[in-house]
Structures are given as structure tokens and as C-alpha cells.
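The lines below spell out each chain.
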Amino acid sequence: LNELAAAPLDSKGEWSEVGSPYVIFPSSPSLPTLIKSVLARDPELDLLYRKNRWELCFLGLPVLWETSGGMLSFNHFDPRLLDPERLESFERHLEEVKRFRCFPPIEPGHSFYTFGRERWFESLLIQRHRLLNPNLTDEIYCQVPTWVGGERKVLDLLTVNREGRLVVLELKPQKDLTLVFQGLEYWNRVAHHLKRQDFQKAGYFKGHRLQDVSPLLYLVSPLIEFHRLLPVFRRHLDPAVNFECFGTNQDWKSGLKLLRRFPLRS
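Computed from a prediction, not measured in an experiment: that's the story for all the values here.

(A) Fine view of the side chain of N161. Structurally, N161 is set in strand β9 (residues 151–161). Using a relative accessible area of 7% as the deciding quantity, one classes N161 as buried. A polar contact is formed between the side chain of N161 and the backbone nitrogen of E163, at a distance of 3.0 Å. Setting aside its immediate chain neighbours within four residues, N161 contacts N135, L136, T137, V167 and L216.

This is the structure:
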């Protein structure tokens with residue numbers, strides 16, 4: 001480095017930003033009237049907010065969403081604008097999605113069933129995230145984009161407990177060793193943003209006073225899918241990371257159940 005005459009970066013040049021997330025809001029005055037009426041008639045749909053647009057999903061599959069022009073579209077695989085003449089077509093599409101996206105499947109190879117296995121798992125967890133810990137609040141953010149030092153990463157789920165402590169949820173419905181590494185990276189990013197009060201500045205968790213303490217990290221996966229090397233990491237973990245694993249049932253599509261909760265400590 002001396003030969004290259006390299007100099008350290010000015011610390012003032014560091015920056016971070018929390019991007020626009022999917023947000024679960026039970027209600028909002030800005031919610032489009034048609035989406036509100038569909039949700040009132042069909043409460044099993046998930047209401048999400050993604051990058052300044054509302055979206056209705058059924059078990060992770062988008063069925064109705066806002067377009068950039070303020071219109072509404074439906075049919076994820078063949079998008080169509082929703083107008084008064086296509087209301088019946090939308091209703092038929094929604095019933096078809098429900099018919100094929102179910103367990104046990106009536107047609108395992110159907111695109112409505114095979115789409116987004118992880119998003120299906122995520123949808124069930126969003127609906128029942130307090131199954132992991134009853135102390136969690138109802139407010140939960142999904143697919144939160146973060147920017148740290150110019151690098152963008154999106155974490156799965158972010159919530160907060162009743163004491164105001166942030167909780168990072170990383171999930172995988174299949175065996176994947178990156179579950180640990182991604183979880184630790186996202187935990188580090190959330191801790192970074194929390195220290196700089198980026199969440200408060202971006203309007204996250206309104207009505208909650210966030211604690212200035214290290215976030216909790218929850219890893220969620222079917223119990224038998226946790227990688228066999230997971231115990232090896234126990235010896236190398238930073239004691240400052242509050243790290244817990246949650247094992248669910250393997251047949252989670254039939255209904256999410258918590259089978260085992262165990263901490264990872266160094």
C-alpha cells in the first residue's frame with residue numbers, strides 16, 4: 001500500500017440508506033378502493049406494499065397490484081389491466097389461483113402451484129410470525145432493501161418486539177448453508193442502520209421506540225432441513241449475536257407448526 005501511495009477513505013464518505021420496503025399495513029387511507037373491497041371480501045389474501053405500490057397476494061403469488069400509472073393489473077403470468085369489463089375475468093383468475101395453489105395439490109406441475117416456494121413459506125410465516133415468539137408485534141416488513149456503502153441487499157423479514165427490539169427473520173424452506181451467512185449479513189446491516197437511526201428516518205415502525213441494542217436474529221426452516229454443519233458454527237459465533245433457530249414441520253404447506261426452538265451460542 002505504501003508503494004501505491006494508497007490512502008484510507010475519509011470516514012465522512014461512508015453512507016447508508018434504508019430503501020422502500022414491502023410493508024404489511026392492515027389499513028391505510030391511500031389504499032385503492034378496489035383493493036380494499038377485494039380484501040374485505042377475501043381476507044385470506046395478503047396485503048403488501050412494495051416500492052410505493054399496493055399488492056394483493058395469495059400464498060405469495062401476486063393476484064392484484066398497482067401499476068406505475070395508478071391503474072390495477074392482475075394475472076402474474078399474463079398481466080392484464082383491470083377495468084370494469086374485466087372484473088369477472090379477475091374473479092375467475094382468483095378462483096383458479098386458489099384452486100391450484102393449495103395442498104395437497106390437484107395438479108403438482110401447475111405454474112400456480114410451483115411458483116415461488118420460498119414466497120409461499122414466507123407468506124405463511126408473515127401470517128403466523130408470532131408463532132415464533134408471542135412477544136413480537138403485528139407490524140412486519142417484508143423484503144426490506146438496504147444500502148450500505150453503495151451495496152444493495154434485501155433481507156427477508158424485519159419486525160420488532162413489544163420492548164422495541166428489532167428482530168431479523170431469515171428463512172429457507174429447503175436445506176441451504178447460506179441461511180447462516182445471509183442471516184448474519186442481514187443482522188449486521190440492520191445493526192448498521194439502527195445505529196444510524198435510518199429506520200426512524202425512513203418512517204419504519206411508527207409508534208414504536210426502537211431500542212439501541214443489537215437486533216435479535218431468527219433463522220427459520222423446516223427442522224430436518226437445517227444443515228448438519230450448523231453445530232460447527234457454534235464455536236465461531238460472536239457472542240454479541242443473539243442467534244436462534246426455529247424448526248418447523250416438513251409439510252408446512254398444510255399448515256405451519258413450530259416443532260423446535262434452539263439457540264446457537266459460542
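Picking up where we left off.
(B) Representation of helix α2 (residues 87–100). The end-to-end C-alpha distance of α2 is 20 Å, a good match for the 20 Å that 14 residues give at a rise of 1.5 Å each. Among all positions in α2, only S89, F90, H93, L94, V97, K98 and F100 are buried. Looking at the buried residues of α2, the elements they touch are α1 (33–41), β4 (53–58), β5 (61–66), β6 (72–74), β7 (80–81) and α3 (111–114).

(C) Focus on the pattern of salt bridges. Using the criterion set out here, one finds 10 salt bridges in the structure. Here D78 ties to R80 by a salt bridge, and the two come within 3.1 Å at their closest N and O atoms. For R80, a relative accessible area of 34% corresponds to the partly exposed category. Across the pair E185 and R189 runs a salt bridge, and its minimum N-O distance is 3.8 Å. Placement of the pair is E185 and R189 together in helix α5 (residues 178–195), with a separation of four residues, close to one helical turn. The exposure class assigned to R189 is buried, which follows from its relative accessible area of 5%. In the salt-bridge network here, residues are joined through shared partners; they are E151, K153, E185 and R189.

(D) Representation of the packing of aromatic side chains. According to the stated counting rule, one finds 12 aromatic pairs in the structure shown. Chaining the aromatic ring pairs together yields one cluster made of Y113, W120, F121 and W252. If you follow K253 out to its NZ or CZ, it ends over the ring of W120, 4.5 Å from the centre. Between R260 and the ring centre of F262, over which it is positioned, the NZ or CZ distance is 4.5 Å.

(E) Structural context of the nonpolar core. Counting residues in hydrophobic clusters, the biggest one holds 77 residues, and the most contacted among them are L56, L64, L158 and F243. The biggest single contributor to this core is α5, with six residues.

(F) Layout of the sheet that holds β7. An order of β3-β4-β5-β6-β7 is seen for the five strands of this open sheet, with the pairing classed as antiparallel. At either end of the open sheet lies a strand with only one pairing partner, and these are β3 (46–50) and β7. Packed on one face of the sheet, α2 meets β4, β5, β6 and β7 and runs near 155° to β5.

(G) Up close: the pairing of β3. Most of β3 sits out of view: four of its five residues are buried. Here β3 runs beside β4; their pairing, made up of five bridges, is antiparallel. Each bridged residue has a counterpart across the sheet, and for L47 the counterpart in β4 is L56.

(H) Structural context of the environment of P134. Inspection of the secondary structure puts P134 in the loop between α4 (117–127) and β8 (136–148). A C-alpha to C-alpha distance of 8.8 Å links P134 and N161, two positions 27 residues apart in sequence.

The rules behind the values
Every chain begins its residue count from 1, and numbering advances along the sequence as written. Reporting in this predicted model follows two pLDDT cut-offs: at least 70 for local features of residues, and 80 or more for side-chain atom pairs to be given and counted; totals over whole chains, interfaces and linings ignore these cut-offs and use all residues. As a rule here, side-chain values cover all heavy atoms of the structure and leave hydrogens and water aside. For helices the rule is a DSSP run of H or I covering at least 4 residues; for strands it is a run of E covering at least 2, with both sets numbered from the N terminus onward. Think of it in three bands: residues with accessible area under 20% of the maximum for their type are buried, residues over 50% are exposed, and the middle band is partly exposed, with areas taken using a 1.4 Å probe on protein chains only. Whenever a nitrogen or oxygen atom comes within 3.5 Å of another N or O atom, the pair is scored as a polar contact, on the condition that within protein one atom can donate a hydrogen and the other can accept it, and that pairs from neighbouring residues in sequence are kept only if both atoms are in side chains. Contact definition: two residues touch when any of their heavy atoms are within 4.5 Å. Helices are assigned an expected span. That span is 1.5 Å times one less than the residue count. Here a salt bridge means any side-chain nitrogen of Lys or Arg lying within 4 Å of a carboxyl oxygen belonging to Asp or Glu. Between 30 and 60 degrees the pair is tilted, below 30 it is stacked and above 60 it is edge-to-face, where a pair is any two Phe, Tyr or Trp rings, Trp via its six-membered ring, whose centres lie within 6.5 Å. Here, a charge over a ring is recorded when the distance from Lys NZ or Arg CZ to the ring centre is within 6 Å and its angle to the ring normal is within 35 degrees. Remark: nonpolar core denotes a set of buried residues (Ala, Val, Leu, Ile, Met, Phe, Trp, Tyr, Cys) joined through side-chain atoms within 4.5 Å. In this analysis, strands are considered paired if DSSP registers two or more bridges between them. Under this scheme, a helix contributes an axis fitted over its contacting stretch, all axes are lines through C-alpha atoms, and angles between N-to-C directions fall in the 0 to 180 degree range.

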